[in-house]
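This is what each chain is made of:
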Amino acid sequence: MDLSSVALFFDEDELLPGQADRAVLIQVSRIVSEYRRDVSLAVASLLPPRDLSAADLSAQLLAREPALWKTFTVPGLTTLIKSCNLAVVTVAGISRQQAVDLDEVMREDSRSPYVGAMELDQNLQAHQLLFPESDDYHLVGAELRLKYSAGSRVLAEANGEDLDEPLEQWRKQGLFQSVVWEEDMAQSAADEREASLFLQGWFEQQSD
């Protein structure tokens, strides 16, 4: 089975906190058989560059040969970008047919702020720049893993956040057999490199 990555778009102005995350995780759980589940998700706002028109951005997101799978046309996505703020949920580790099925079930609720989907290609510069690099969730079998990095953990502790609260919130919903933390090793390594460079610069300033 060829696996792919897709981005699901939502009207962010109509979204409640956590609504997109929960909706996509529920539908992925229904579409992908438990024994095949190894799916990663990320949630972010779509932040168009200020120096790029909506039409040019749409063209850069959608244009590729061979053609990307998508539910948008360039004019349709252009209209959306102009008319509302957009949020995206990226889903990696599903098949093309599962992406089609996911789009269909997301459209079943007429009240949902879901507006469409497209295939991701990290070889395209626009996709690299606009879609999230790090995952927020990792769904493996019946277990939901919440992603964290060294930097995000240090920041949460510094802010006095209850590190068990996100786990408990998901556990209370009863959607998964277990909910645990999972470290994003690549992001942690990037966090540590950034911290090292910061400290190096600070020490150099002190010695001047």
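Residues numbered from 1 in each chain as written. Predicted model: local features only at pLDDT ≥ 70, side-chain atom pairs only at ≥ 80, totals over all residues. Heavy atoms only, no water.

> How would you sum up the overall build of the protein chain? Please name residues and give values.
In terms of regular secondary structure, the protein chain is built from eight helices and seven strands. Over its C-alpha atoms, taken along the principal directions, the protein chain stretches across nearly 60 × 45 × 35 Å. The proportion of buried residues among the 208 residues of the protein chain is 39%. If you take every contact in the protein chain between residues at least 6 apart in sequence, the share linking residues at least 24 apart comes to 78%. (Helix = DSSP H or I, 4+ residues; strand = E, 2+ residues; numbered from the N terminus. Buried < 20%, exposed > 50% of the residue type's maximum accessible area, 1.4 Å probe, protein only. Contact = heavy atoms within 4.5 Å.)

> So what about the side chain of Gln27? Which residues, and what values?
With respect to the secondary-structure elements, Gln27 resides in helix H1 (residues 19-31). What makes Gln27 buried here is its relative accessible area of 15%. Filtering out sequence-adjacent residues up to four positions away, Gln27 remains in contact with Leu102, Val105 and Met106.

> Can you break down the packing of helix H2 (residues 54-62) against helix H3 (residues 74-83) residue by residue, with the values?
The N-to-C vectors of H2 and H3 enclose an angle of 130°; their axes lie 8 Å apart at closest approach. Classified by the angle their axes make, H2 and H3 are oblique. Where H2 crosses over H3, the two elements pack in a sense that is right-handed. Listed contacts from H3 to Ala54, Ala55, Leu57, Ser58, Ala59, Leu61 and Leu62 of H2 are Val74, Leu77, Thr78, Ile81 and Lys82. (Axes fitted to C-alpha atoms, helices over the stretch in contact; angles between N-to-C directions. Parallel < 35°, antiparallel > 145°, perpendicular 65-115°, else oblique. Left-handed = near helix turned anticlockwise from the far one by under 90°.)

> I'd like a description of the nonpolar core, backed by residues and values.
Among the nonpolar cores identified, the biggest contains 29 residues, and Leu8, Phe10, Val24, Val91 and Leu144 are the most heavily contacted of them. When residues no more than four places from it in sequence are discounted, the contact partners of Val91 are Ser4, Ser5, Val6, Leu8, Val24, Val28, Val39, Ser40, Leu41 and Leu102. Ranked by size, the runner-up nonpolar core spans 21 residues in total, among them Ala7, Phe9, Leu46 and Cys84. (Core = buried A, V, L, I, M, F, W, Y, C linked by side-chain atoms within 4.5 Å.)

> I'd like to hear about unusual backbone geometry, residue by residue, with values.
Generally, phi is negative for residues other than glycine and the peptide bonds are trans, each holding for most cases. Backbone torsion omega between Glu65 and Pro66 reads 0°, so that peptide bond is classified as cis. Along the chain, Pro66 falls in the loop between H2 and H3.

> Give me the layout of surface pockets: which residues, what numbers.
Considering only enclosed or pocket space, the largest pocket measures out at about 350 Å³ in volume. Together, 18 residues line the largest pocket, and Leu146, Lys147, Glu161, Pro166 and Trp181 are the ones closest to its centre. Elements with a contribution of two residues or more to the lining of the largest pocket: strand E6 (143-148), helix H6 (150-158) and helix H7 (165-173). Here the lining of the largest pocket gets four residues from one element, more than from any other, and that element is H7. A per-class count over the lining of the largest pocket returns nine nonpolar, two polar and seven charged. Counted as a void, the second largest pocket has a volume near 170 Å³. For the second largest pocket, the full set of lining residues is Gln19, Arg22, Ala23, Gln27, Val105, Met106, Asp109 and Ser112. Among the elements of the structure, H1 and helix H4 (96-106) are those that each provide at least two residues to the lining of the second largest pocket. (1 Å grid on protein atoms, 1.4 Å probe; cavity = no way out; pocket = protein on both sides within 12 Å on 5 of 7 lines; lining within 4 Å. Points joined across faces, edges and corners; volume = space filled by probe spheres on them. Nonpolar A, V, L, I, M, F, W, Y, C, P; charged D, E, K, R; others polar.)

On their own, these measurements won't tell you what the molecule is for.
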